[in-house]
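Overview (structure and organization)
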Amino acid sequence: AQTVTQSQPEMSVQEAETVTLSCTYDTSESDYYLFWYKQPPSRQMILVIRQEAYKQQNATENRFSVNFQKAAKSFSLKISDSQLGDAAMYFCAYRRLNTGNQFYFGTGTSLTVIP
Amino acid sequence: EPEVTQTPSHQVTQMGQEVILRCVPISNHLYFYWYRQILGQKVEFLVSFYNNEISEKSEIFDDQFSVERPDGSNFTLKIRSTKLEDSAMYFCASSEVGGFGSAGGYTFGSGTRLTVV
């Protein structure tokens, strides 16, 4: 079974600094997708970044980047130049590649940005 | 930008009552989903729906739950006889494609907070 673990329930970062959120997962499959979703106080789940496991290059979206370590089954999110609007709950998620539609989510990390 | 709309944003119901949560997916999307998030816990998959039938469901989605697309726009989740443990945030999502080869393209709604008293 696929499981996703986020070991940091809460994190904080000073505005303009960099923070890294951790995520590990367990799977027996070789190809899959990984995602980071952001859930601000508005509660809507917003896609931040996604990574295809068959791609070696780490995904990057502006200030957001990932460190994907396939052998270690690790998928951390780095937020550079943190902004107040980055404050939210961040969920790591896994999805199989070729079958099924469901996401497997972690328990989330609540990120506070300190002005 | 297109949105998935969920109503109501908060619903309080008495234990044993039926409740219907409503969602309007993005108009050109073909796959629809319900997830739930019990307070302080992870977001969990309930069901996916395509071509007017359930394509996948989790163990949580038992006989108390049903989904329906009653017209061309709405997608509903019905809980027949609510229990205290059904209290959670329920998220609807939709996607243009699903399953095979789909890396994403999911859009989530803002959720309905269901409180069973």
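Above: the structure in question.
Notes on the structure in this doc start here. Given the structure is predicted, the values throughout are model-derived calculations rather than measurements.

1. Regarding unusual backbone geometry
The linkage connecting Thr-7 of chain B with the following residue, Pro-8 of chain B, adopts the cis geometry, with an omega of -10°. Relative to the helices and strands, Pro-8 of chain B is located in the loop between strand 1 (5-7) and strand 2 (10-13). At Ala-16 of chain A, a position not held by glycine, the phi torsion is positive, near 80°. By secondary structure assignment, the location of Ala-16 of chain A is in the loop between strand 2 (10-14) and strand 3 (19-21). A relative accessible area of 45% means that Ala-16 of chain A is categorised as partly exposed. The backbone of Asp-81 of chain A shows a phi angle near 50°, a positive value even though the residue is not glycine. Structurally, the position occupied by Asp-81 of chain A is in the loop between strand 9 (74-79) and strand 10 (88-96). Overall, Asp-81 of chain A belongs to the partly exposed group, its relative accessible area being 41%.

2. Regarding the state of the cysteines
If you walk through the whole model with that rule in mind, you get 2 disulfides over all chains. The side chain of Cys-23 of chain A participates in a disulfide bridge whose partner is Cys-92 of chain A; the two sulfur atoms lie 2.0 Å from each other. Judged by the sign of its S-S torsion, about -70°, the cystine formed by Cys-23 of chain A and Cys-92 of chain A is left-handed. Here Cys-23 of chain A is found in the loop between strand 3 and strand 4 (24-26), whereas its partner Cys-92 of chain A is found in strand 10, with 69 residues between them in sequence. Both residues of the pair, Cys-23 of chain A and Cys-92 of chain A, belong to the buried class. Across the disulfide from Cys-23 of chain B sits Cys-92 of chain B; the S-S distance is 2.0 Å. Sign of the S-S torsion, about -65° for the bond between Cys-23 of chain B and Cys-92 of chain B, identifies this disulfide as left-handed. Linking Cys-23 of chain B in strand 3 (residues 19-24) with Cys-92 of chain B in strand 9 (residues 88-95), this pair joins segments that are 69 residues apart in sequence. Residue Cys-23 of chain B is classed as buried on the basis of its relative accessible area, which comes to 1%. Residue class for Cys-92 of chain B comes out buried when judged on its relative accessible area of 0%.

Criteria and cut-off values
Residues numbered from 1 in each chain as written. Chains lettered and ligands numbered in written order. Predicted model: local features only at pLDDT ≥ 70, side-chain atom pairs only at ≥ 80, totals over all residues. Heavy atoms only, no water. Helix = DSSP H or I, 4+ residues; strand = E, 2+ residues; numbered from the N terminus. Buried < 20%, exposed > 50% of the residue type's maximum accessible area, 1.4 Å probe, protein only. Disulfide = S-S within 2.5 Å.

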